[in-house]
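Observations on the three-dimensional arrangement
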Amino acid sequence: MKYFFAPVQGHTDAAYRHFHAAAYDEAGVIEYTTPFIRLEKGEIRRKDVKDTVSPLNEGLNVVPQVIFKNSDELTALIGILRDEGCRRIDINMGCPFPLQTSRGRGAATVGNPECIQAVRKVVEDNPDVDFSVKLRLGFQNPEWRNLMEVLNSLKLNHISVHPRTARDQYTGPIDMAEFDAIYAASKNPIVYNGDILTPEDGREISMKYPDLYGVMIGRGVLGRPSLITELATGIELSHEERLHRMLEFHRTLLEHYRQTLIGGDHQVLSKIQPFWEYAEAEIGRKAWKALRKASSMAKYQTALALI
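Residues numbered from 1 in each chain as written. Predicted model: local features only at pLDDT ≥ 70, side-chain atom pairs only at ≥ 80, totals over all residues. Heavy atoms only, no water.

1. What to know about the packing of aromatic side chains
- This structure, assessed with the given rule, holds 13 aromatic pairs.
- Directly above the ring of Y170 sits R136, whose terminal nitrogen or CZ lies 4.8 Å from the centroid. (Phe/Tyr/Trp six-rings, centres within 6.5 Å; stacked < 30°, edge-to-face > 60°. Lys NZ or Arg CZ within 6 Å of the ring centre and 35° of its normal.)

2. Quick notes on unusual backbone geometry
- We note that K41 has phi near 55°; this positive angle belongs to a residue other than glycine.
- Mapped onto the secondary structure, K41 falls in the loop between strand 3 (39-40) and strand 4 (43-44).
- On the accessibility criterion, K41 (87% relative accessible area) is exposed.
- Residue Q169 is not a glycine yet carries a positive backbone phi of 55°. (Helix = DSSP H or I, 4+ residues; strand = E, 2+ residues; numbered from the N terminus. Buried < 20%, exposed > 50% of the residue type's maximum accessible area, 1.4 Å probe, protein only.)

3. Description of the packing of helix 5 (residues 113-125) against helix 6 (residues 145-152)
- Direction vectors running N to C along helix 5 and helix 6 enclose 10°, while the axes themselves pass 10 Å from each other. Between helix 5 and helix 6, the interaxial angle falls into the category roughly parallel. In this structure, the crossing between helix 5 and helix 6 has a hand that is right-handed. For the pair helix 5 and helix 6, the contacting residues are I116, Q117, V119 and R120 in the first and N146, L147, V150 and L151 in the second.
- When grouped by side-chain class, the residues that make up the contact of helix 5 with helix 6 number five nonpolar, two polar and one charged. (Axes fitted to C-alpha atoms, helices over the stretch in contact; angles between N-to-C directions. Parallel < 35°, antiparallel > 145°, perpendicular 65-115°, else oblique. Left-handed = near helix turned anticlockwise from the far one by under 90°. Contact = heavy atoms within 4.5 Å. Nonpolar A, V, L, I, M, F, W, Y, C, P; charged D, E, K, R; others polar.)

Here it is in structure tokens:
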């Protein structure tokens, strides 16, 4: 079983990945994917490239992810990453956020014949690059069947599947019947992604699909940073131990931001507060609300003491 840490915009930057790995991935079992890289006004955002080639990635298994709306964008992005020395790239066809799907990117590409052929061409034209694809069922309805013939003609590292449409975002029931159909139809390895929040969730998926290549977890790890480690080792940590390790992880990340950000406490606070966005169930509502509302570093430290 392989373990993939799904990217979450505004959270899983190079610093987060680095200190998460230091705290939880001594065995090096996690593949970290970068937040998606895109073109903006025809140019790649330099901060995306900086995050991809950051020294903080050294020693980690980090894979850049690209998001695109047409062949020109995808070809340009792959070319830029190749120039940076990347030979393992993930193609995002699964982002559900309206800011991207309204521009034809992410899950909007699943039913777009031009985008489907663009994926075929870029994979065939770059045989020395190891590609994977992140997939949703479609935009408003399941449209993945239009894509599977092309994906089956390609040799991919894996296809990660979140069995919801973009319209569903992250709410409502997961469509396991559609996942079953993809699992059966794919000639490439399949990774399951979606609503794994506890070790039990992960165990249920692995037992139901014994030939599954791996699981991908994003929000679940943000809320419970030890989750992949617990799955990989089969050892479930006590709540007390999870909190102790989470606070130590937070301490190292906060110290990094204090040493590297030049905007003072306000900038540090805006950078560190998202750490807790998905952690309400883990730290309790009182501490969670106080941390999210803290308007100064002093109030933030007081809120930390509530955990």
